[in-house]
Amino acid sequence: MSYSRVRIAARLRPAIPGEQHDSAIRVLRSDSGSAIVVDNPRDTSQTFKYPFSSCYDESSSQAEIFDRDVKPLIDLAFSGMTVTVFAYGVTSSGKTHTMQGSKQQPGIIPRAVQEIFRQTESPNAHTSLAVSYMEIYKDEVYDLLVDREAAVKLPVRENENGQVFVANLSMLPLITIEDFEQAFSDANKQRSVGSTNLNSVSSRSHAILTVHVTVTDPENNLTLSGKLNLVDLAGSENNKLTGNDASRMAESAAINKSLSVLGQVVHALNQGAHRIPYRNSKLTRILQDALGGNSVGLLICNLAPGTKFRQDTLNTLNFAVRTKNVQNKPLVNQQANAAAGPSSAPIQPVTARSIPAPLHTARPHGPRPSRVPRMSNVSSTAPRSSLTFSSIPLVTKLEEKPALALAPVPAHLTEEEINARIAKAVELEVARRLEEREKQLREEEEASRRRSQSMSIHEEQASSLQSLPPGLLTPLLKQRQSHDEELKQRLEELESKFERGNKEAHLSDVLSPISRKKTGRAYVALARAHTQKNNLQVALELYRKAETYVPDNVKLKERIIEIEWAVKNDRPFNPSPKKSRRAPSKRTKNSRTKHKLAPTVDEEDKEEDEGAEGSGSGKENVGGESGESSGSAKRRRRIKSADDGEPGTPPKKRRLVKFEDA
């Protein structure tokens, strides 16, 4: 498989009026190429030299950068490849100006879309375009083509082919260039921006615009699917210089973290690590295809000439040098078109095109040596050769159905190797089938052995039963049958009772307490009527229904138990007698007054004496002594009740009588 490295282009922006700079960053051009030269801030006699494929100074224009570095990549997108262009640099270094530009100086994005529309006018193929636009704000993905108020956080997913995508991201079909310009202008108004000490319109998020190009070639019966990703990264910030408040500092922390993870991914790719930390950030997860994936990459490093950006500029250039060593594996996304009619020939699988061997030597295993330049003089640094895209071979990405054809055989295998592979595959298949057959035979033997054991057990039981004397098992079997019938009848009764109870319970839950009470009374009245007619079974059902509505009625439960006993024993129902109620005692006014105010012991004795005398004079007293003893017993009971009182009731208060001295 062929590899291609990420191309690097560096652009130095002009100095802003009032900005302090010392011309320590400059562009050096020679016959062997161009490079960025930076004076060592600690020793001005030494310099750092960073050779790149393209270097632009302060006088460079937007058209120059696009025509030289970006326009050739658009042809690759029409060839079915994925192309990624992203701008990287410190805050206020001119990234957004390079990517978006202005009406007077359009940037890479509008120029690229214009060039794509120009190439779609070719009559040999049919081309369809669509665009998607998103931003990564505080490590969350938002759609910029929808209303900001309705925008939600979008998840990042991976399909069965290992391709990373953003779920529920809207895609806008493009018919004319005006459609794109209107959508792009509205989307940029929704992007997160803020004001800092270094930039009045600072981007607070990473923006990724993707143009999907689908080319249908009827002559070759192929469909090519290419993509052009245009990424405007937010710049790294130093909070001491930007003067960020709390909200801006949170945004700055998210930006710096994502850019740090981007550097970790590049470092892991250069070191040949087994695990690449793509998932540590949404930015690297989405740009995974451009960093060691199947995309062609272009990194535009934007540099600021100010002295306060010196260290950030060196960090940007060192990152660019590490990124230049990242190897991608570009693929052509192509698939065969469907057949036009039922009489056409069957679809043939697309065979892979032979891939020429790469010109560079194989990379040795182990960590890659660092490519960061050391301090040296300008004249002593050797130039580096640039990589041209004409030498990048294309790799066809097959999208076949497994039912149509097997995986394509590599072209470099000989006939003997192919026959050996076929023989090995046949041997493996035969061994697998033999193993399955042996397993099936073992299972059949085990099943037959179990059947024979069960049959022997049944035969032994039958022989033991035959040895018993006749007439011994008949009563046992009848008794067991009767028990079974009784159990079955009991289960049916329980099931019917349960179903009936569930139905009535559901109705009782719906009714109000008053309605439940009235319904229960109605069932009780009907049950009484049937009880009088000696229809005990119907009455029992009605009483049970009434119990569902008034489950706390104790008398109703007792009545149900009595009727159940009568029905079960086939006896007539005799209701239990009602408890006699005590007749209310009629108390006179004098008795109520006497009960409220208890007399003293002396007064009670006096009254008892008077009563005893009156009874002796009015009637004939039979046994005077017994009368006296009964009167004394009454007095003792009254004294005791006045002192102790009845149990559970408070003692009665005595009325004290005051005697005046004579």
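Residues numbered from 1 in each chain as written. Predicted model: local features only at pLDDT ≥ 70, side-chain atom pairs only at ≥ 80, totals over all residues. Heavy atoms only, no water.

1. What to know about the overall build of the protein chain
On a plain count of helices and strands, the protein chain comes out with 16 helices and 20 strands. Within the protein chain, the fraction of its 662 residues that count as buried is 34%. In the protein chain, the share of contacts with a sequence separation of at least 24, taken over all contacts with a separation of at least 6, comes to 68%. Within the structure as shown, the protein chain displays about 42,500 Å² of accessible surface, and the carbon and sulfur contribution to it stands at 53%. (Helix = DSSP H or I, 4+ residues; strand = E, 2+ residues; numbered from the N terminus. Buried < 20%, exposed > 50% of the residue type's maximum accessible area, 1.4 Å probe, protein only. Contact = heavy atoms within 4.5 Å. Areas by Shrake-Rupley, 256 points an atom, 1.4 Å probe, with all protein chains shown as cover.)

2. A closer look at the side chain of Ser-281
Secondary-structure assignment places Ser-281 in the loop between helix H6 (246-271) and helix H7 (282-286). Separated by 3.3 Å, the side chain of Ser-281 and the backbone nitrogen of Leu-283 make a polar contact. Apart from residues no more than four positions distant in its own chain, Ser-281 is found in contact with Asp-139, Ser-258 and Val-261. (Polar contact = N/O pair within 3.5 Å; in protein donor to acceptor, adjacent residues only side chain to side chain.)

3. So, helix H8 (residues 310-324)
Taking 1.5 Å per residue, 15 residues should reach 21 Å; H8 reaches 21 Å between its end C-alpha atoms and fits that length. Counting buried positions along H8 gives eleven out of 15 residues, so the element sits mostly inside the fold. Within the span of H8, buried status applies to Arg-310, Thr-313, Leu-314, Thr-316, Leu-317, Asn-318, Phe-319, Ala-320, Val-321, Thr-323 and Lys-324. (Expected span 1.5 Å × (residues − 1).)

4. Points about the nonpolar core
General note: in soluble globular proteins, nonpolar side chains tend to be found buried as a group. Grouped together as the largest cluster of nonpolar side chains are 47 residues, with contacts concentrated most on Ile-36, Tyr-50, Phe-52, Val-141, Ile-286, Leu-291 and Leu-299. When residues in this core are grouped by element, the largest group, eight residues, is from H6. Excluding its chain neighbours within four sequence positions, the residues that come into contact with Val-141 are Met-134, Glu-135, Ile-136, Val-152, Lys-153, Leu-154, Val-156, Val-166, Lys-282 and Ile-286. Of all hydrophobic cores here, the second largest spans 40 residues; its members include Val-85, Ala-87, Ile-109 and Leu-174. (Core = buried A, V, L, I, M, F, W, Y, C linked by side-chain atoms within 4.5 Å.)

5. Comments concerning the pattern of salt bridges
For the coordinates displayed, the defined rule picks out 17 salt bridges. The residue Lys-282 makes a salt bridge to Glu-140 at a minimum N-O spacing of 3.6 Å. Of this pair, Lys-282 sits in helix H7 while Glu-140 sits in strand E9 (residues 140-143), and the two are 142 residues apart along the sequence. Its relative accessible area of 21% is what places Lys-282 among the partly exposed residues. Its salt-bridge partner being Glu-564, residue Arg-544 comes within 2.8 Å of it at the nearest N-O pair. (Salt bridge = Lys/Arg side-chain N within 4 Å of Asp/Glu carboxyl O.)

6. A look at the sheet that holds strand E4 (residues 33-39)
Taken in spatial order, the three strands of this open sheet run E3-E4-E5, and their pairing is antiparallel. Edge positions in the sheet fall to strand E3 (25-30) and strand E5 (47-52), since each has one partner strand and no second. In this sheet, adjacent strand axes meet at a mean angle of 25 degrees when their direction is disregarded. Direction of pairing for E3 relative to E4: antiparallel, over a ladder of six bridges. Across the sheet, residue Ser-30 finds its bridge partner in E4, namely Gly-33. Docked against the sheet, H8 engages E3, E4 and E5, running at close to 40 degrees with respect to E5. (Pairing = 2+ DSSP bridges. Axes fitted to C-alpha atoms, helices over the stretch in contact; angles between N-to-C directions.)

7. Some remarks on the packing of aromatic side chains
Applying the stated rule across the entire model yields four aromatic pairs. Summarising the aromatic geometry, the rings of Tyr-523 and Tyr-549 are spaced 5.8 Å apart at their centres and angled 20 degrees between planes, so their arrangement reads as stacked. With Tyr-523 in helix H11 (residues 513-532) and Tyr-549 in helix H12 (residues 536-549), this residue pair connects regions lying 26 residues apart in the sequence. For Tyr-523, a relative accessible area of 18% translates into the label buried. Residue classification places Tyr-549 among the buried positions, given a relative accessible area of 6%. In this structure an aromatic cluster arises from ring pairing among Tyr-133, Phe-180 and Phe-184. Sitting over the face of the ring of Tyr-142, Arg-148 holds its NZ or CZ atom 5.1 Å from the ring centroid. (Phe/Tyr/Trp six-rings, centres within 6.5 Å; stacked < 30°, edge-to-face > 60°. Lys NZ or Arg CZ within 6 Å of the ring centre and 35° of its normal.)

8. Section: the layout of surface pockets
Put simply, the largest pocket is a space of about 1,100 Å³. Along its surface, the largest pocket is lined by 38 residues, and Gln-163, Val-164, Phe-165, Lys-227 and Asp-289 are the ones closest to its centre. Looking at the lining of the largest pocket residue by residue, the classes come out as 13 nonpolar, 20 polar and five charged. (1 Å grid on protein atoms, 1.4 Å probe; cavity = no way out; pocket = protein on both sides within 12 Å on 5 of 7 lines; lining within 4 Å. Points joined across faces, edges and corners; volume = space filled by probe spheres on them. Nonpolar A, V, L, I, M, F, W, Y, C, P; charged D, E, K, R; others polar.)

9. Looking at the packing of helix H1 (residues 62-78) against helix H3 (residues 108-119)
At their nearest, the axes of H1 and H3 sit 10 Å apart, and the two run at 45 degrees to each other. If you check the angle between H1 and H3, you find them oblique. Considering only the axes of H1 and H3, their crossing is right-handed. Residues Gln-62, Ala-63, Ile-65, Phe-66, Val-70, Lys-71, Ile-74, Asp-75 and Phe-78 of H1 touch H3, and the partners they reach there are Ile-108, Arg-111, Ala-112, Glu-115, Ile-116, Arg-118 and Gln-119. Of the residues contributing to the contact of H1 with H3, the split by class is nine nonpolar, two polar and five charged. (Parallel < 35°, antiparallel > 145°, perpendicular 65-115°, else oblique. Left-handed = near helix turned anticlockwise from the far one by under 90°.)

Shape descriptors only; they carry no functional weight alone.
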